[in-house]
Amino acid sequence: MGVLAEAVETKMISVYIMGKKYEVPETLTIMKAMEYAGYQFIRGCGCRGGVCGACSTVYRKEGDYKIYSGLACQTVVEPGMHLTQLPFFPALRAIYEYDRIEATAEAIHQLYPELFRCVACNACTKICPMDVEVLDYVSALKRGDIAAAAEISFDCIQCGLCSSRCFGEIPQYHIAQLARRLWGGKIKPASPHLTAMVEDIDAGKYDDMLAKLLSMDAEQLKTAYTEREMEPAMADETWKPSNTDGLLE
Ligand code: FES
């Protein structure tokens, strides 16, 4: 006798996409619900994992005057949601040659003088889907604290929603990115591990491993990937793979 799979009924709910009503499974994210309804993301659908910021979305709920925002790949649909997709927000990004700018607050202020248009309304922080304290890093940048701005903005995924709400037309996320670049590349001391790893690469330590990977066909690569040794979920910091050839000594 065959095994009978128990049919699990998924509840369908109504949502509105670009003003048209669709019935979609209640378990889907906004992105998947739109695809379920027949939309195709041909370009710009991004990582689907909540890290690239390409899927910023605004939506409203029935009987609620507020505009909500979120990432379409992470936010699960709710009954009566009115959905739309935002094109990437075209905030102005300053042009600079990274090698030629100094890691100073003055350099940031010169490239982005609009920083001082901030009136601390906090709309940027309220809309951030990553819960970044945007106003806090803007304030840090105004007072010239690059380290604090880099630290506070670390979870930014460059979706641009902060900028879309800003009265002062400030491209917060671009400025924070510059702060992180300056902090990581020009201010913070170089990591000894990274330096050692780059030296190993230059010395050819990984050439054979790379050549072996390059000689594999797609099936062999898939097998190597799926059978790779993985760190156990509860491993402590002393865990090492059984083959340590690729690790630093
Ligand atoms: S698709 Fe990358 S964050 Fe949603």
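Residues numbered from 1 in each chain as written. Predicted model: local features only at pLDDT ≥ 70, side-chain atom pairs only at ≥ 80, totals over all residues.

A closer look at the sheet that holds strand β5 (residues 82-83)
So, step 1. Spatially, the five strands line up as an open sheet ordered β2-β1-β5-β3-β4, and their pairing is mixed. Edge positions in the sheet fall to β2 (20-25) and β4 (68-71), since each of these pairs with one other strand and no more.
So, step 2. Bridge count for strand β1 (residues 12-17) against β5 is two bridges, and the pairing is parallel. Opposite I17, over in β5, you have L83 as the bridge partner. (Pairing = 2+ DSSP bridges. Helix = DSSP H or I, 4+ residues; strand = E, 2+ residues; numbered from the N terminus.)

A short note on the packing of helix α4 (residues 134-142) against helix α7 (residues 172-187)
Between two packed helices, the angle of one axis relative to the other and the distance separating the axes together describe the packing.
So, step 1. Between α4 and α7, the least distance of the axes is 11 Å, while the angle of their chain directions is 60 degrees. With respect to α7, the axis of α4 lies oblique. Crossing angle aside, the handedness with which α4 passes α7 is left-handed. Here V134, Y137, V138 and L141 of α4 lie close against α7, whose contacting residues are Q172, I175, A176 and A179.
So, step 2. Of the residues that constitute the contact of α4 with α7, the class distribution is seven nonpolar, one polar and no charged. (Axes fitted to C-alpha atoms, helices over the stretch in contact; angles between N-to-C directions. Parallel < 35°, antiparallel > 145°, perpendicular 65-115°, else oblique. Left-handed = near helix turned anticlockwise from the far one by under 90°. Contact = placed C-beta atoms within 7 Å. Nonpolar A, V, L, I, M, F, W, Y, C, P; charged D, E, K, R; others polar.)

Some details on the domain arrangement of the protein chain
So, step 1. Taken domain by domain, the protein chain comprises domain 1 (12-83), domain 2 (98-187) and domain 3 (192-222).
So, step 2. Its C-alpha centre places domain 2 at a distance of 36 Å from the equivalent point of domain 3. (Domains from an automatic or database assignment.)

Observations concerning unusual backbone geometry
Trans is the prevailing form of peptide bonds, just as negative phi is the prevailing case for residues other than glycine.
So, step 1. Positive phi, close to 60 degrees, is recorded for A120, a residue that is not glycine.
So, step 2. Within the element layout of this structure, A120 appears in the loop between α2 (105-111) and α3 (123-127).
So, step 3. For E169, which is not glycine, the phi torsion reads 50 degrees and is therefore positive.
So, step 4. Mapped onto the elements of the fold, E169 is located in the loop between α6 (161-164) and α7.

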